[in-house]
Number of protein chains: 4
Amino acid sequence: MDLVVVMRSTATPEEKDAVTQRIGDLGLRAHAADGEFRTMISATGSKSVTVIQQLEQLAGVDRVITVTQPYRLASREFHEADTIIDVKGIRIGGPHVNVIAGPCAIESRELLFEVGQAVKDAGASILRGGAFKPRTSPYAFQGMGVEGLKLLKEASDALNMPTITEVTDPRDVEVVAQYADIFQIGARNMQNFNLLLEVGKTDKAVFIKRGMAASINELLMSAEYVLSQGNHRVIVCERGIRTFADEVRFTLDVSAVPVIQERSHLPVFVDPSHAAGKRDLVPPLAIAGVAAGAAGVIVEVHSCPEKALCDGPQAVLPMRFRQLMDELRLAAKLAGNRVTAWGEDGTKHRRVESGGWMS
Amino acid sequence: MDLVVVMRSTATPEEKDAVTQRIGDLGLRAHAADGEFRTMISATGSKSVTVIQQLEQLAGVDRVITVTQPYRLASREFHEADTIIDVKGIRIGGPHVNVIAGPCAIESRELLFEVGQAVKDAGASILRGGAFKPRTSPYAFQGMGVEGLKLLKEASDALNMPTITEVTDPRDVEVVAQYADIFQIGARNMQNFNLLLEVGKTDKAVFIKRGMAASINELLMSAEYVLSQGNHRVIVCERGIRTFADEVRFTLDVSAVPVIQERSHLPVFVDPSHAAGKRDLVPPLAIAGVAAGAAGVIVEVHSCPEKALCDGPQAVLPMRFRQLMDELRLAAKLAGNRVTAWGEDGTKHRRVESGGWMS
Amino acid sequence: MDLVVVMRSTATPEEKDAVTQRIGDLGLRAHAADGEFRTMISATGSKSVTVIQQLEQLAGVDRVITVTQPYRLASREFHEADTIIDVKGIRIGGPHVNVIAGPCAIESRELLFEVGQAVKDAGASILRGGAFKPRTSPYAFQGMGVEGLKLLKEASDALNMPTITEVTDPRDVEVVAQYADIFQIGARNMQNFNLLLEVGKTDKAVFIKRGMAASINELLMSAEYVLSQGNHRVIVCERGIRTFADEVRFTLDVSAVPVIQERSHLPVFVDPSHAAGKRDLVPPLAIAGVAAGAAGVIVEVHSCPEKALCDGPQAVLPMRFRQLMDELRLAAKLAGNRVTAWGEDGTKHRRVESGGWMS
Amino acid sequence: MDLVVVMRSTATPEEKDAVTQRIGDLGLRAHAADGEFRTMISATGSKSVTVIQQLEQLAGVDRVITVTQPYRLASREFHEADTIIDVKGIRIGGPHVNVIAGPCAIESRELLFEVGQAVKDAGASILRGGAFKPRTSPYAFQGMGVEGLKLLKEASDALNMPTITEVTDPRDVEVVAQYADIFQIGARNMQNFNLLLEVGKTDKAVFIKRGMAASINELLMSAEYVLSQGNHRVIVCERGIRTFADEVRFTLDVSAVPVIQERSHLPVFVDPSHAAGKRDLVPPLAIAGVAAGAAGVIVEVHSCPEKALCDGPQAVLPMRFRQLMDELRLAAKLAGNRVTAWGEDGTKHRRVESGGWMS
């Protein structure tokens, strides 16, 4: 059982040092995490009520929280309300359901703009596209790299949509941050801890996909790596786990949605495309995820999947995607949520004032 | 690749014998399956177009079908349209979504009638209740046996609801058939082939749960065991598979719903109760399953779960179940289906003339 | 936490009744299990030291044991020493390593005798052969049935080897007991509890294979079903579990061997044939299992695998089997055990006086 | 199906360019990999015999190989004999069995030297110790970093043992290469492709652990990433996969050993410590792995496990390790191999002339 000491936003560095000092004096181990507004100082090993009372009385301390899970900042115990993250005016989490869509890989300007326009018209709120593609084979298409990032930025500006793209190397964090709005951490990098620390030092939102054999607590611990660096704009995503069932590429663990929501305040998405591996299965899985309460889905769309350089078989056609958006609106309603979409509810250019879960 | 020869309903025994004889003459192996109206004679090992043409010309032959899957009668290739099964006027499959509900085990007359009335009032169409309980431990409550079956029959008559109950032993098939309307084959008995053969010889509907490590093809092969005996009233059920993920009892494989529907014409249900193992997770999983297109759900409801003799933690309370029914109606609509329910659509006492997938 | 009351071998029925009565008086639930020599009366729900002391003082009581596992009679807590089971003079368990070999299915008299002679000459101590074959497909070869059992008995007599064969239906227990020495419960029937109860009522040894998704505790609970009926001659067998790894049919969980040995006194075998699914992998897996301490292996051998009616690809040829036996002798030695074999150590006709783990 | 064109060691850059050019002219895609002595040029998409014949006739071409697996340089088709890697005179692979041992993490100079001396005396040939520890929790001990690397180098010199240590970040490759002899790529980084490329550019041996949900082909594809950069000194390691079985931390997939050996020429180790998670299970799993033919084991040893900063429960005590070495010598013999050990076979200071699989 651990403690988390939340400092007031007005706490001075001296007050923070004093708390850290006292934690050490109490025989505990302190770990500081600087957030945008406040500092969390977690103390490992503490248990008694006396300790909590002593810490609560120190100058600059807002409150002391007891956490029973290995993750702290990611836990509902630490932050009870749903986190809502604002990305260029798009609200993610809470009652907002967002659909991220676009091609698997950025292959060309034409494709990106064509698919981007199509998914925007259909109601997607965020554009996806991979520039750095982690591929099982060293001989497969590895993405367009920085050239792709530039195209993504161009599309983002033209379509007025925020973007998400994968980062796979700590050395690429800076350049990706220049061009994209949300970092995607892929399933294979969920426990690439140095990468997590690096994106944790930025102020961009981070979208972490569950590893194919990761437990939910391990996923939340990876979120904790980012949160511990002061970046609290974290989204997690169920994308299918590896099981004996080989009818699909990965088994979408739809129960992860309510389980994560019970344990954490972070928005949870589902990725039906990588789970299914086949386009016909994408709509039912997307609908199931949103109906079960997910904060959104990330879907691969391609206008000519048979020519896609990556994951063509799982890409949905623009026409089917348009219909899917209608189904997702119903599914969101069923779960008490609503799809955040361009041209539908006027949120397009509305900018929310406060950012993330600290507000 | 195998052939299935479908005989005309008017085919005589002599014509059937002649076809079987010819199959043998062609060097193939014949296997006959007598359905309610027709006979299927499947031939293993055939491949050439000539063989098909020769068989099609024999007297009494309706058509010859080529199947590429190991299952034949269960395949979409054999029967393209959704199978719709009629149980005492309740239609199962196709666009009909049915909710089966009731206590895990029949524990007492009072409990069964109380829960039965509650689930009927809420809109469930079929009553569940276990009389023979397969338990991991020999020291756990094993069910009320025949005494429980009698209570179930009594409740069925009083509530005017068809019933489903588990059968675990070929020697019990006869007595269970006397009291219940649908045989449930539990996950642990999915490959108890003698039990499948025995229920296959009856004319009662059979509800087969997927084994916790069974592939979808293995599930359909178990259905084939029943179908091969001439009983074509088979429903299959996804109930969660065993994976590394230990946050839930079993991982509900929601992708099984569209995959089975693609491969087979049989109705497919989901069992959120055994998958989740926790009542809070039952509603989102039930909704996800129906939204993904399932033909129904089977849910455990208990009015006093903390006193339940079996699986109390996963039982939903009657009040929550009532709300769940509303959500399931929306989920069914989303998938283009509708919930079949008492007092709602007048199907209550309507008896369909033709039975099952042969019609 | 449960209690097990072990009665003296001289305890009278009246003394047993008195203990059962007292357990009820103490507010606990009693469950009696009659062994060959003694009666175990387990009490569920007890916890206090006082209760144990009271029960220990009753007439006829030998000792009272506290068990922390859900299984009782199968636990090391109940019986500390390794169980050694005698089957027609062959000792199974403890330091004895036995190799069970023979064809997957009994296909013909010729095959059975040819393979039987080959495996006996190589040093196998028990002959295997399936008469009732549980097959995934209703259209596959289902075994020779009673005719096969008769051939097995004939081979057993001619070769002077005890035999093992699978039983899949409670209704077949009696006839199988007439012809074979050890009941095999297949992986698919590991939780066919009525079948376990039925073989538990006989005095034949029972060889239970782990289900493809069964935990070790579930396997031991299935053993407990047999033990609870008074049949203490139980062997368990790791045969591969279903995982995402599809390079082999099933993943041999070699760690199950030491884990089971820590928890239970029952002999534990490994089945490399069904795990591997390919004959080349059978020797390394068999060796690994015995080197890790297994009490034996069960191996499928066929003199003409390409013509086998069942599981040909995993059958080892007689010549390779002979070499494997040499390797297994070394592996057994490495683990501090020794292979029990015909013509090697003179155990052939030695009959042990006492039976099983009660001695 | 792909082609691999192996150039002669005397081939000139111009000859290589000509081959690449011709591959393009033939409508195929070329990918060059520079090895120590030769260049491999693989061509994707080719199929006809004519193409092979045309390429074989080009100047500088040694031979053209057809590969059916997605990996090329890692395949047995490309290199039939076992790869033997020389690390400071220690031969790894082929008939040589090596035991890598040491503490999980480098915690202090004292511990490292104490454990190092103990494992060397017992017969281990390579010293392990983690300086950069990837931990699930950001709050757990993350290793001593460069300070730890320096201690490892010091121990290596004092004990005259080559060393292995984990690298988790492409930015650390250079510094790790300064101090250690073998890069360990941990299970969580098996598909950290940029890290693989980076170590592929060095001439240090690379020890890749199988990801907890990685197929064997995915593991070999990760090896291919390193090989494709010209570093052919790759060892792969089975370390347990994630399955439903929760009795151990991970299920050691012992069948991976023969399966990898059939598909690839690379040495394959097993890691019983991380698989088991409990020290009592380490010896049987280590023995099983070597008996099944593994080229070695990597074992965590700690002189005071209850004080270990990382993975204490799975560390074997020095005394037990000494006994294990004796058992592993027998197990290696059983598999037709022999343990390479200090002070035993005089290989200590023998330096092999040629390096790796190109020889």
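For the structure, see preceding data.
Note that the structure is predicted; figures quoted are calculated from it, not measured. (Residues numbered from 1 in each chain as written. Chains lettered and ligands numbered in written order. Predicted model: local features only at pLDDT ≥ 70, side-chain atom pairs only at ≥ 80, totals over all residues. Heavy atoms only, no water.)

### Concerning the packing of helix α3 (residues 109–122) of chain B against helix α4 (residues 146–159) of chain B
All names here are of chain B. Between α3 and α4, whose axes approach to 10 Å, the crossing angle comes to 35°. By crossing handedness, the relation of α3 to α4 is classed as right-handed. Of α4, the residues touching α3 (which contributes Arg109, Leu112, Phe113, Gly116, Gln117 and Lys120) are Leu151, Leu152, Glu154, Ala155, Ala158 and Leu159. Grouping the constituent residues of the contact of α3 with α4 by class yields 7 nonpolar, 2 polar and 3 charged. (Axes fitted to C-alpha atoms, helices over the stretch in contact; angles between N-to-C directions. Helix = DSSP H or I, 4+ residues; strand = E, 2+ residues; numbered from the N terminus. Left-handed = near helix turned anticlockwise from the far one by under 90°. Contact = heavy atoms within 4.5 Å. Nonpolar A, V, L, I, M, F, W, Y, C, P; charged D, E, K, R; others polar.)

### Some remarks on the side chain of Asp271 of chain B
Residues and elements named next belong to chain B. Mapped onto the elements of the fold, Asp271 is located in the loop between β13 (268–270) and α9 (272–276). You can call Asp271 buried: its relative accessible area is 1%. In this structure the side chain of Asp271 is engaged in a polar contact, spanning 2.7 Å, whose partner is the side chain of Lys209. At a separation of 2.8 Å, a polar atom in the side chain of Asp271 contacts the side chain of His274. (Buried < 20%, exposed > 50% of the residue type's maximum accessible area, 1.4 Å probe, protein only. Polar contact = N/O pair within 3.5 Å; in protein donor to acceptor, adjacent residues only side chain to side chain.)

### Observations concerning the interface of chain D and chain A
Contact residues are listed per partner, giving 34 residues for chain D and 34 residues for chain A. Its largest share of buried area at the contact with chain A, chain D owes to Pro138, Tyr139 and Arg171 of chain D, together 24% of the area lost on that side. At the junction of chain D and chain A, the tally comes to 4 salt bridges. Salt-bridge contacts for Arg242 of chain D lead to Glu218 of chain A; the nearest nitrogen and oxygen are separated by 2.7 Å. The tally of links between chain D and chain A comes to 20 residue pairs in polar contact (both at pLDDT 80 or more). (Buried area = accessible area lost by both parts, 1.4 Å probe. Salt bridge = Lys/Arg side-chain N within 4 Å of Asp/Glu carboxyl O.)

### Re the relation of the copies chain D and chain A
For the pair chain D and chain A, the superposition axis carries a translation of 0.0 Å, the fit reaches an RMSD of 0.1 Å, and the rotation angle comes to 180°. What the rotation and shift describe, once combined, is the action of a two-fold rotation axis. Identified as the residue of chain D closest to the rotation axis by C-alpha distance is Ala213 of chain D, at 2.8 Å. A share of 100% of the interface residues of chain D reappears at the interface of chain A, consistent with the copies meeting face to face through the same patch. (Least-squares fit on C-alpha atoms with pLDDT ≥ 70 in both.)

### Focus: the pattern of salt bridges
Residues and elements named next belong to chain A. Summed over all chains, the structure comprises 60 salt bridges over all chains. A salt bridge links Arg249 to Asp311; the nearest nitrogen and oxygen atoms lie 3.2 Å apart. Placement of the pair is Arg249 in the loop between β12 (234–238) and α8 (256–263) and Asp311 in the loop between β14 (296–300) and α11 (318–334), with a sequence separation of 62 residues.

### Examining the packing of helix α7 (residues 216–227) of chain A against α8 of chain A
Residue and element names in this part refer to chain A. Relative to each other, α7 and α8 sit at 50°, their axes nearing to 11 Å. In terms of their interaxial angle, α7 and α8 are classed as oblique. Crossing hand, α7 versus α8: right-handed. Between α7 and α8, the contacting residues are Ile216, Asn217, Leu219 and Leu220 on the first element and Ala256, Val259, Ile260 and Arg263 on the second. Per-class residue counts for the contact of α7 with α8 are 6 nonpolar, 1 polar and 1 charged. (Parallel < 35°, antiparallel > 145°, perpendicular 65-115°, else oblique.)

### A few points about the packing of aromatic side chains
All names here are of chain A. Taken as a whole, this structure holds 8 aromatic pairs over all chains when the rule is applied. When the centroid spacing of 4.5 Å and the interplanar angle of 20° are considered together, the rings of Phe193 and Tyr225 count as stacked. Of this pair, Phe193 sits in helix α6 (residues 193–200) while Tyr225 sits in helix α7, and the two are 32 residues apart along the sequence. In terms of burial, Phe193 and Tyr225 fall into one category: buried. (Phe/Tyr/Trp six-rings, centres within 6.5 Å; stacked < 30°, edge-to-face > 60°.)

### Some remarks on the side chain of Thr202 of chain A
All names here are of chain A. Tracing the sequence through the fold places Thr202 in the loop between α6 and β11 (205–209). One polar contact links the side chain of Thr202 to the main-chain amide nitrogen of Lys204, over a distance of 3.3 Å. Setting aside chain neighbours within four positions, we find Thr202 in contact with Val173, Phe183 and Asn231.

### Quick word on the pairing of strand β14 (residues 296–300) of chain C
Residues and elements named next belong to chain C. Counting buried residues along β14, 5 of its 5 residues qualify, which places the element largely inside the surrounding structure. Residue alternation in β14 divides its side chains into two sets, Gly296, Ile298 and Glu300 and Val297 and Val299, and both sets are buried. Examined bridge by bridge, strand β7 (residues 96–102) and β14 share 5 bridges and lie parallel to one another. Residue pairing across strands places Val99 opposite Val297, the latter belonging to β14. As paired strands, strand β13 (residues 268–270) and β14 are joined by 2 bridges and run parallel to one another. Residue Phe269 lies in a different strand from β14, and its bridge partner there is Gly296. (Pairing = 2+ DSSP bridges.)

### Notes on helix α6 (residues 193–200) of chain C
Residues and elements named next belong to chain C. Of all 8 residues that make up α6, 6 are buried, and the element is covered over most of its length. Every buried residue of α6 is listed here: Phe193, Leu195, Leu196, Glu198, Val199 and Gly200. Against α5 (173–179), β10 (182–185), β11 (205–209) and α7 (216–227) lie the buried residues of α6.

### Re the nonpolar core
By size, the foremost hydrophobic cluster in this structure holds 178 residues, and its most contacted members are Val119, Ile208, Phe321 and Leu328 of chain A together with Val119, Ile208 and Phe321 of chain B. Membership of the second largest hydrophobic core comes to 177 residues, among which are Phe113, Val236 and Val270 of chain C together with Ile208 of chain D. (Core = buried A, V, L, I, M, F, W, Y, C linked by side-chain atoms within 4.5 Å.)

### Quick word on the layout of surface pockets
By volume, the second largest pocket is sized at about 1000 Å³. Class assignment of the residues belonging to the lining of the second largest pocket gives a composition of 15 nonpolar, 10 polar and 17 charged. (1 Å grid on protein atoms, 1.4 Å probe; cavity = no way out; pocket = protein on both sides within 12 Å on 5 of 7 lines; lining within 4 Å. Points joined across faces, edges and corners; volume = space filled by probe spheres on them.)

### Focus: the pairing of strand β9 (residues 163–166) of chain A
Residue and element names in this part refer to chain A. Here β9 shows two buried faces, one formed by Thr163 and Thr165 and the other by Ile164 and Glu166. Between strand β8 (residues 126–128) and its parallel partner β9, the chain crosses via helix α4 (residues 146–159), and the hand of that crossover is right-handed. Summarising the sheet, β9 and strand β10 (residues 182–185) pair through 3 bridges and their orientation is parallel. When the sheet's bridge partners are listed, Glu166 is paired in β10 with Gln184. Read from β9 through helix α5 (residues 173–179) to β10, the crossover connection turns out right-handed. (Right-handed = clockwise from strand over helix to strand, strands pointing away.)

### Some remarks on the environment of Arg109 of chain C
Mapping Arg109 of chain C onto the fold places it in helix α3 (residues 109–122). Distance from Arg109 of chain C to Leu309 of chain C, taken between C-alpha atoms, is 14 Å for residues 200 residues apart in sequence.

### Some thoughts on the environment of Ala32 of chain D
By secondary structure assignment, the location of Ala32 of chain D is in strand β2 (residues 29–34). Residue classification places Ala32 of chain D among the partly exposed positions, given a relative accessible area of 48%.

### Considering the state of the cysteines
The final tally for this structure, using the stated rule, is 0 disulfides over all chains. In this model Cys304 of chain B remains outside any disulfide bridge; the closest cysteine sulfur is found in Cys104 of chain B, 15 Å from its own. We note that Cys104 of chain C lacks a disulfide partner, and the nearest cysteine sulfur, in Cys310 of chain C, lies 3.2 Å from it. (Disulfide = S-S within 2.5 Å.)

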